[in-house]
Amino acid sequence: MPQNRLRAFFYQYMNNPEAKSPSPQAPALPFQSVHIAGIGGIGTSRLARYFLFHGAKVSGSDIVSSAQTESLAQLGADITIGEGAPALPADCQALIYSIAVPENAADRQEARKRGIPQLSHFEAIALLARGHKTIAVAGTNASLEARLRRWAPDHRRIGLSA
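Keep in mind the model is a prediction, meaning the values are calculated, not measured.

Novice: Go over the overall build of the protein with me, naming the residues and quoting the values.
Specialist: Per the secondary structure count, the protein includes six helices and five strands. Beginning at the N terminus, the succession of helices and strands in the protein can be written as α-β-α-β-α-β-β-α-β-α-α. Looking at the protein as a whole, 36% of its 162 residues are labelled buried. Summing over all exposed atoms, the protein offers an accessible surface of approximately 10,100 Å²; the carbon and sulfur share of this is 55%.

Novice: For the packing of aromatic side chains, give the residues involved together with the corresponding values.
Specialist: Applying the stated criterion across every chain, the model contains one aromatic pair. Sitting above the plane of the Tyr97 ring, Arg108 keeps its charged end 3.6 Å from the centroid.

Novice: With reference to specific residues and values, describe helix H5 (residues 121–129).
Specialist: Every buried residue of H5 is listed here: His121, Ala124 and Leu128. The arc enclosing the buried residues of H5, seen along the axis, measures out at 55 degrees, which places them on a common side. Check the buried side of H5 and you find it contacts helix H2 (42–53), strand S4 (94–97) and strand S5 (118–120). Immediately downstream of H5, the backbone of Gly131 shows phi near 85 degrees, a positive value.

Novice: Break down the packing of H2 against helix H3 (residues 67–74) for me, citing the residues and quoting the values.
Specialist: Taken N-terminus to C-terminus, the directions of H2 and H3 make an angle of 5 degrees; their axes are 10 Å apart at the nearest point. Relative to H3, the element H2 lies roughly parallel. Judged by residue contacts, Ile42, Ser45, Arg46, Ala48, Arg49 and Leu52 of H2 engage Gln68, Ser71 and Leu72 from H3. Residues of the contact of H2 with H3, tallied by class, amount to four nonpolar, three polar and two charged.

The rules behind each value
Within every chain, residues take consecutive numbers counted from 1 along the sequence as written. The predicted nature of this model means local features are confined to residues of pLDDT at least 70 and side-chain atom pairs, given and counted, to a pLDDT of 80 or more, with totals for whole chains, interfaces and linings taken over all residues. Only hydrogens and water are set aside; all other atoms, that is, all heavy atoms of the structure, feed into the side-chain values. Each helix corresponds to a stretch of at least 4 residues labelled H or I by DSSP, and each strand to a stretch of at least 2 residues labelled E; elements are numbered beginning at the N terminus. Relative accessibility thresholds used throughout: buried, under 20% of the residue-type maximum; exposed, over 50%; partly exposed, between the two (1.4 Å probe, protein chains only). To measure how exposed things are, a 1.4 Å probe is used in the Shrake-Rupley method; for residues, cover is taken only from the protein chains shown. Put simply, two rings from Phe, Tyr or Trp (the six-membered ring, in Trp's case) pair if the centres are within 6.5 Å, and we call them stacked under 30 degrees between planes, edge-to-face over 60, tilted for the rest. When the NZ atom of lysine or the CZ atom of arginine is within 6 Å of a ring's centre and also within 35 degrees of its normal, the charge is said to sit over that ring. Taking the helix axis as origin, the arc is that swept by the directions to the C-beta atoms. Every residue pair with non-hydrogen atoms within 4.5 Å of one another is taken to be in contact. Note on method: axes are straight lines fitted to C-alpha atoms, helices fitted across the in-contact stretch only, with angles between N-to-C directions ranging 0 to 180 degrees. Roughly parallel covers angles under 35 degrees, roughly antiparallel covers those over 145, roughly perpendicular covers 65 to 115, and oblique covers all other angles. Polar here means any residue outside two lists: the nonpolar Ala, Val, Leu, Ile, Met, Phe, Trp, Tyr, Cys and Pro, and the charged Asp, Glu, Lys and Arg; Gly therefore counts as polar.

In structure tokens, the structure reads:
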């Protein structure tokens, strides 16, 4: 897939749960109903989009409303804003939490009481990546993107396919 088409797909995929995946098979999700504590964070909000895109029921909580939480609500996530009572739905199969959410937070305590598995957002990413070849890229500015664009034509020399 040419770079500009790949980039266009990425933005469409991350912002539209109705977008079609280029893969003919949807991945098998480990959970069909997840609650994400700290859903407004950049990492956790992307996990929420991933689960929504693949048809899972997503709920979440955060202490403040943001563009991320508003966007996720428009995409179908059930989001609770503010501290206080736990917001886990009855059919919740897993709680994914931001590392910013303390162990004594209401959602985490309720999950523990109900025996619902808890995963940090890093553990959730690892679970979703299991069985797949993964390339992790980190960076905070456009210079990294520029370097990756120069590297992309050489992807075959390290054993990757287009």
